[in-house]
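Reading the structure
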Amino acid sequence: MASYANGPHDLGGDCHAWLLPEGHWGESNTGLVRGNGESLLVDTHLDLAHTAQMLQAFSALTEGHPIRTVVNTHSDGDHWFGNQLVAGPGVEIVASAAAAELMTTAGAMELLNMWGREDEVGDFVRTVASSFDPSGITATPPTRTFSGSLDLDVGGRQVRLTEVGPAHTPGDVLVHVPDARVLFTGDIVFVGAAPLVWEGPVSRCVAACDLILDLDVIAVVPGHGPVTDKAGVQRVRDYLAYVETESTARFGDGLSLEEAIASIDLGPFSDMVEHERIAANVLNVYEELDPARPRADRLAQFAHMAHLHKAASTSSRDSVGGDA
Ligand SMILES: [Zn+2]
């Protein structure tokens, strides 16, 4: 994946992105939309230090245009755990009702507890999120929820929220600024890394991409990775459709989940990092095709990916050793 700069990116039309390279696990993007005398913030970061750094850097833009609205695109911690640093009187925190159900102390602890686990999942989380510090986080949930769509007025500018979940998670929301032709997608779109279907079904993620492809937008800020355009969205859609087709064929051939995961050749998508997400994505297809299969919870999904991640890093270490 091409490298890109950490920090602020001017998207035009008084819209701004704050990017965390390389867009890997936890390295999420945030955004700022300025209107007359107020601003809207899209998402916060996984920990307090990264959120504070973003807010500090945006302070030159928010002076005279204070943040009055925060929109959390979905319920994963890397998009709302920093909310406590912007919450307060006169600040509305908006999310879909489906996302808000998970944005609780218990919901936050589910992820935070994984950091301390003495098993493959704990090793995985500590490895992939090593630049984040989970201490001091107080779950700070939305103060306003909606279902379907919601138009916000941000100092005279329209910002349109469209619920596309369940897809990546139960309550994903797109944030569209029509007058700037800018879209913040949350984790419906990843650039550089493989997309990840926690909730699904995969067809809902494909439908969310199709909805984006129909919008009049020129700048697309993904949940992770560099700013893209519709070509980047198309690539996510193509990956999802490919994985769904390949998984469905293997299910039909009677392959076990593990056999299906091991045998899928990602071909044109093999350059996408976070390869281990294939495990969760194939699992999601298998669950849809076999309703009797018990649904894996977040811990079980992480366990599948952690196992694949460990197997891949062990075999690459072995091959390095073998060559030496
Ligand atoms: Zn994310």
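For the structure, check the block above.
Here's what I pulled together on the structure shown here. Remember, it's a predicted structure, so these values are computed and weren't measured experimentally.

1. Side note on the side chain of Thr 62
Looking at where Thr 62 falls in the secondary structure, it is placed in helix H1 (residues 48-62). Exposure remark for Thr 62: the relative accessible area of 15% places this residue in the buried category. Not counting residues within four places of it along the chain, the set of residues in contact with Thr 62 comprises Leu 32, Ser 39 and Ile 67.

2. Side note on the coordination of the zinc ion
Each protein donor to the zinc ion is listed here as Asp 78 (OD), His 79 (NE2), Asp 187 (OD) and His 224 (NE2); together their distances run 2.1 to 2.2 Å. Here the zinc ion binds four donor atoms, and the angle range of 85 to 157° at the metal identifies the geometry as irregular. All donors to the zinc ion come from one chain, and their sequence spacing reads D-H-x107-D-x36-H. Residue His 79 is found in the loop between strand E5 (67-71) and strand E6 (92-96), and its partner His 224 is found in the loop between strand E12 (219-221) and helix H6 (230-252); the two are separated by 145 residues along the sequence. On the basis of relative accessibility, which here comes to 0%, the residue His 79 falls in the buried class.

3. Digging into the packing of aromatic side chains
A complete count under the given rule lists ten aromatic pairs for this structure. Between Trp 25 and Trp 198 the ring centres are 6.4 Å apart and the planes differ by 55°, which places this aromatic pair in the tilted class. Here Trp 25 is found in the loop between strand E2 (15-19) and strand E3 (30-34), whereas its partner Trp 198 is found in the loop between strand E11 (182-184) and helix H5 (202-213), with 173 residues between them in sequence. A residue is classified by how much of its surface remains accessible, and Trp 198, at 5% relative accessible area, is buried. Through a chain of ring-to-ring contacts, three or more aromatic side chains come together here, namely Trp 25, Phe 124, Trp 198 and Phe 302.

4. A few points about the packing of H6 against helix H8 (residues 277-289)
Close contact between H6 and H8 brings their axes to 9 Å; oriented N to C, the two are set at 55°. In terms of axis orientation, H6 runs oblique to H8. Seen from above, H6 lies across H8 with right-handed handedness. Contacts between H6 and H8 involve Tyr 239, Val 243, Glu 244, Ser 247, Thr 248, Arg 250 and Phe 251 on the former and, on the latter, Ile 278, Asn 281, Val 282, Val 285, Tyr 286, Glu 288 and Leu 289. Broken down by class, the residue content of the contact of H6 with H8 amounts to eight nonpolar, three polar and three charged.

What counts, and where the lines are drawn
Residues numbered from 1 in each chain as written. Predicted model: local features only at pLDDT ≥ 70, side-chain atom pairs only at ≥ 80, totals over all residues. Heavy atoms only, no water. Helix = DSSP H or I, 4+ residues; strand = E, 2+ residues; numbered from the N terminus. Buried < 20%, exposed > 50% of the residue type's maximum accessible area, 1.4 Å probe, protein only. Contact = heavy atoms within 4.5 Å. Donors = N, O, S within 2.8 Å, 3.2 Å for Na, K, Ca; no water. Tetrahedral: all angles 85-135°; square planar, octahedral: opposite > 155°, others 65-115°. Phe/Tyr/Trp six-rings, centres within 6.5 Å; stacked < 30°, edge-to-face > 60°. Axes fitted to C-alpha atoms, helices over the stretch in contact; angles between N-to-C directions. Parallel < 35°, antiparallel > 145°, perpendicular 65-115°, else oblique. Left-handed = near helix turned anticlockwise from the far one by under 90°. Nonpolar A, V, L, I, M, F, W, Y, C, P; charged D, E, K, R; others polar.

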